[in-house]
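# Structural features, examined
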Amino acid sequence: GYIPGDYKVLFNLMDLSWYGFDWAPDVNYIGEYYDDKSSSAQASILSVAKGTTITDINAKLALGGMISGTVTDGENGIGNVAVRVRNLMGSSISLGYTNGSGQYTFNRIPTGYYKIYVSPPSPNYGAEWYDNKPSFDDADPVFVQAGETASGIDFQLEAGGTIAGRVTNSQGSPIQGVTVGAYDTTQTARILLNQAGTNANGEYSIARLPNGYVKILFSPPGFYSSEWYNNKRHFGEADLVRSIAGQITPGIDAQLEEAGAIIGRVEDSLGNGLYNINVMCVNTENYSVYSANTNAAGNYGIYRIPPGNYKVRFHADYGNYATEWHNDKGSYADAEPVSVAAGQTTEINAVLLENGGYITGRVTANGAGIEGVRVRAHDSTFDPEIFWAFTDFNLNISWAFTDSDGNYSIPRIPTCSAKIFFDTDFNNLNYASEWYNDKSSHDIADNVQVTQGETTSEINADLAVRPPLSITTTALPDGTAGMPYGAT
């Protein structure tokens with residue numbers, strides 16, 4: 001019954017209790033993509049042809065670890081508390097809830113270190129990280145071993161903090177319907193802790209916050225610009241706001257400015273609208289980034305953009321449509337700037353050609369191919385390290401993973417000068433990342449000249465093996481016994 005085409009296969013164990021079926025909680029195997037891959041990006045592609053059958057698409061699943069504990073108020077268990085497991089990069093691994101006795105259990109957790117966060121349903125309690133810590137960075141890591149249970153990961157909740165304020169426009173009138181979010185302070189990942197909306201008077205109140213510092217984001221409706229407290233454009237610049245257990249922190253206000261919009265259509269050479277094309281605009285002065293994806297007709301709209309000059313990029317994640325900047329340019333430096341005015345809409349269209357160039361090569365260590373290296377092509381006209389200091393967005397031109405023999409092929413490259421980064425951290429590989437050609441940073445990396453429609457080959461790398469890491473300590477927090485994260 002499969003329509004001919006390319007497919008990726010995921011083997012995953014589901015909690016069938018969501019569908020009303022009995023489910024055995026001791027089923028503890030980690031899902032994977034075919035062929036023994038941890039992500040869709042790395043998964044092997046199966047090409048299904050009309051009238052044919054592909055056989056022997058098998059999998060051998062690895063045993064997972066477990067985490068268990070109890071959430072109480074010091075005496076009684078607290079039910080329906082949201083418990084979330086995150087890896088050390090801040091990505092969410094699993095989400096569950098305590099039962100009526102305050103107990104929770106996670107299974108199918110890969111071997112490694114994790115940080116646990118609990119968020120109670122009642123305003124009488126505050127959220128917290130394990131072990132009674134106020135932030136992701138401060139949280140004690142919990143080590144999980146395949147086939148074993150990290151038990152006793154308990155929480156004793158106390159009164160939470162509350163942050164309140166009022167949101168108005170430049171004339172001092174209240175803005176209703178603004179979503180105000182309280183975020184963890186970590187730079188590793190943007191982690192939303194809790195949020196609330198403004199009422200008719202522009203007032204909001206965010207409860208159940210940890211006893212510590214947070215960052216506040218104001219996301220308004222209509223033609224107003226989003227901003228971080230206090231009148232900051234980026235997460236990294238945002239002022240810290242103190243949340244105090246059992247108290248209200250008032251006066252965390254915002255005055256939002258009127259914004260503009262960029263709309264348009266993205267189509268192919270035949271005039272057909274292209275679906276799910278990412279359109280991103282970058283402020284030329286402060287590197288603020290706003291984005292949207294095209295709909296089924298190829299139309300897009302990026303709203304709530306502060307007035308200023310922007311450069312607009314069009315990027316596909318499928319086919320071989322070459323990434324381009326407005327107006328039909330291959331780099332940020334060459335892109336024509338677009339002016340956005342308060343209360344006005346600017347129309348910017350694009351035609352993408354399915355004749356992107358390729359960058360190919362092989363990644364090795366002492367001559368042996370390395371699988372799972374993420375190879376990224378970057379615009380050579382600006383340093384991503386400077387760019388990332390302002391925003392969480394990534395402006396890769398395109399990227400690809402190495403196969404089992406270390407070969408890679410990056411598609412969708414326009415005519416441009418690119419710099420290539422061999423990223424081993426994405427899959428926690430035991431090799432040192434580097435820029436081409438054996439360089440330590442973007443600014444000194446060799447340029448790779450690419451012509452749209454052609455292949456630039458032999459962009460290779462021979463990576464150094466990271467030395468073993470040994471850590472000696474007199475004491476480890478409860479639940480963290482085991483090898484240090486990333487050690488061999």
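What you are looking at is a predicted structure, and each value in this text was computed from that prediction instead of being measured.

This next bit is on the overall build of the protein chain. Per the secondary structure count, the protein chain includes 1 helix and 43 strands. Relative to the compact-globule value of 23 Å for 488 residues, the protein chain shows a C-alpha radius of gyration of 25 Å, a close match. In terms of its C-alpha atoms, the protein chain occupies a principal-axis envelope of roughly 70 × 65 × 50 Å. Long-range contacts, defined as pairs at least 24 residues apart, comprise 70% of the intrachain contacts of the protein chain with a sequence gap of at least 6. Positive and negative side-chain charges of the protein chain, numbering 28 and 53 respectively, have mean locations separated by a distance of 2 Å.

Positionally, Gln-449 belongs in strand 41 (residues 448-450). Distance from Gln-449 to Ile-359, taken between C-alpha atoms, is 9.6 Å for residues 90 residues apart in sequence. Not counting chain neighbours up to four residues away, the residues in contact with Gln-449 comprise Cys-416, Ser-417 and Thr-456.

Turning to the nonpolar core, a few remarks are in order. Ile-163, Val-167, Tyr-204, Ile-216 and Phe-218 are the most contacted members of the largest nonpolar core, which has 26 residues in total. Secondary-structure elements contributing two or more residues to this core are strand 16 (161-169), strand 17 (179-183), strand 18 (192-197), strand 19 (203-209), strand 20 (212-219) and strand 24 (254-256). Discounting residues that sit within four places of it in the chain, Tyr-204 has contacts with Ile-163, Ala-164, Gly-165, Arg-166, Val-167, Val-180, Gly-197, Thr-198, Ile-216, Phe-218 and Ile-252. Among the nonpolar cores identified, the runner-up in size contains 23 residues, and Ile-370, Ala-400, Ile-413 and Ala-461 belong to it.

The next subject is empty space enclosed by the protein. A probe matching the size of a water molecule, rolled over the atoms, marks out where space remains unfilled. Per the counting criterion, the structure on display carries 2 cavities of 30 Å³ or more. Of the residues contributing to the lining of the largest cavity, the split by class is 4 nonpolar, 2 polar and 2 charged.

The next subject is the pairing of strand 9 (residues 92-97). Note that strand 8 (residues 82-87) and strand 9 share 5 bridges and pair antiparallel. Note on strand 9: the bridge partner recorded for Arg-84 is Leu-95.

Its location among the elements puts Ala-333 in the loop between strand 30 (324-325) and strand 31 (338-340). Classification of Ala-333 as partly exposed rests on a relative accessible area of 45%. When residues no more than four places from it in sequence are discounted, the contact partners of Ala-333 are Lys-311 and Thr-381.

Per the stated rule, a full pass over the model turns up 11 salt bridges. Between Lys-37 and Glu-371 there is a salt bridge; the shortest N-O distance is 3.0 Å. Remark: Glu-371 occurs in the loop between strand 35 (368-369) and strand 36 (374-379) and Lys-37 occurs in the loop between strand 4 (32-33) and strand 5 (46-48); sequence separation between them is 334 residues. We classify Glu-371 as partly exposed; its relative accessible area is 33%.

Our next topic: the side chain of Arg-376. Along the chain, the position of Arg-376 falls in strand 36. Side chain to side chain, Arg-376 and Asn-396 meet in a polar contact 3.5 Å long.

This part covers the confidence of the model for the protein chain. With 92% of its residues at a pLDDT of 70 or more, the protein chain has an overall mean of 89. Low pLDDT (under 50) marks residues 482-488, which in the prediction has 15 contacts with non-local residues, meaning those over four places away or in another chain.

Quick look at the side chain of Lys-215 now. Mapped onto the elements, Lys-215 comes out in strand 20. Although Lys-215 is buried, it forms no salt bridge, and the closest oppositely charged side chain is Asp-239 at an N-O distance of 8.1 Å. At 2.8 Å, the side chain of Lys-215 and the backbone oxygen of Phe-235 are in polar contact. Sequence-distant contacts of Lys-215, that is, excluding residues within four places in its chain, are made with Gly-181, Ala-182, Tyr-183, Thr-185, Gln-187, Trp-228, Phe-235, Gly-236, Ala-238, Asp-239 and Leu-240.

Turning next to unusual backbone geometry. That bond from Tyr-34 to Asp-35 is cis: its omega, 5°, falls within 30 degrees of zero. Residue placement: Asp-35 occurs in the loop between strand 4 and strand 5. For Asp-56, which is not glycine, the phi torsion reads 60° and is therefore positive. Among the structural elements, Asp-56 can be located in the loop between strand 5 and strand 6 (62-63). Unusually for a residue other than glycine, Asn-132 sits at a positive phi of about 60°.

Within the secondary structure, Gly-319 is located in the loop between strand 29 (308-315) and strand 30. A relative accessible area of 40% means that Gly-319 is categorised as partly exposed. Residues Gly-319 and Tyr-183 lie 136 residues apart in sequence; the distance between their C-alpha atoms is 36 Å. In contact with Gly-319, other than residues within four places in its own chain, are Glu-354 and Arg-412.

As a further point, take the pairing of strand 17. Taking burial as the measure, the 5 residues of strand 17 include 4 buried ones, the bulk of the element. Taken together, the 5 bridges between strand 17 and strand 18 define a ladder with antiparallel strand orientation. Residue pairing across strands places Tyr-183 opposite Leu-192, the latter belonging to strand 18. With 5 bridges connecting them, strand 17 and strand 20 associate as antiparallel partners. In the strand pairing of strand 20, Ala-182 is matched with Ile-216.

This next bit is on the packing of aromatic side chains. In total, this model carries 17 aromatic pairs according to the counting rule given. Aromatic side chains Tyr-300 and Phe-314 sit 6.3 Å apart centroid to centroid with 75° between the ring planes, which places their arrangement in the edge-to-face category. Pair noted here: Tyr-300 is in strand 28 (residues 299-305) and Phe-314 is in strand 29, with a separation of 14 residues, a long-range link. Ring centres of Tyr-408 and Phe-422 lie 6.2 Å apart, and the angle between their planes is 75°; this geometry places the pair in the edge-to-face category. In this pair, Tyr-408 sits in strand 38 (residues 407-413) while Phe-422 sits in strand 39 (residues 416-423), placing the two residues 14 residues apart along the sequence. By the ring-pair criterion, three or more aromatic residues cluster together here, those being Tyr-117, Trp-129 and Phe-136. The ring of Phe-136 is capped by Lys-115, whose NZ or CZ atom sits 4.7 Å from the centre of that ring. Over the ring of Phe-235 we find Lys-215; its NZ or CZ atom is 4.4 Å from the centre of that ring.

About the criteria used
- Residues numbered from 1 in each chain as written.
- Predicted model: local features only at pLDDT ≥ 70, side-chain atom pairs only at ≥ 80, totals over all residues.
- Heavy atoms only, no water.
- Helix = DSSP H or I, 4+ residues; strand = E, 2+ residues; numbered from the N terminus.
- Rg over C-alpha atoms; globule rule 2.2 N^0.38 Å.
- Contact = heavy atoms within 4.5 Å.
- Lys, Arg positive; Asp, Glu negative; His and termini not counted.
- Charge placed at Lys NZ, Arg CZ, Asp CG, Glu CD.
- Core = buried A, V, L, I, M, F, W, Y, C linked by side-chain atoms within 4.5 Å.
- Buried < 20%, exposed > 50% of the residue type's maximum accessible area, 1.4 Å probe, protein only.
- 1 Å grid on protein atoms, 1.4 Å probe; cavity = no way out; pocket = protein on both sides within 12 Å on 5 of 7 lines; lining within 4 Å.
- Points joined across faces, edges and corners; volume = space filled by probe spheres on them.
- Nonpolar A, V, L, I, M, F, W, Y, C, P; charged D, E, K, R; others polar.
- Pairing = 2+ DSSP bridges.
- Salt bridge = Lys/Arg side-chain N within 4 Å of Asp/Glu carboxyl O.
- Polar contact = N/O pair within 3.5 Å; in protein donor to acceptor, adjacent residues only side chain to side chain.
- pLDDT = per-residue confidence, 0-100.
- Phe/Tyr/Trp six-rings, centres within 6.5 Å; stacked < 30°, edge-to-face > 60°.
- Lys NZ or Arg CZ within 6 Å of the ring centre and 35° of its normal.

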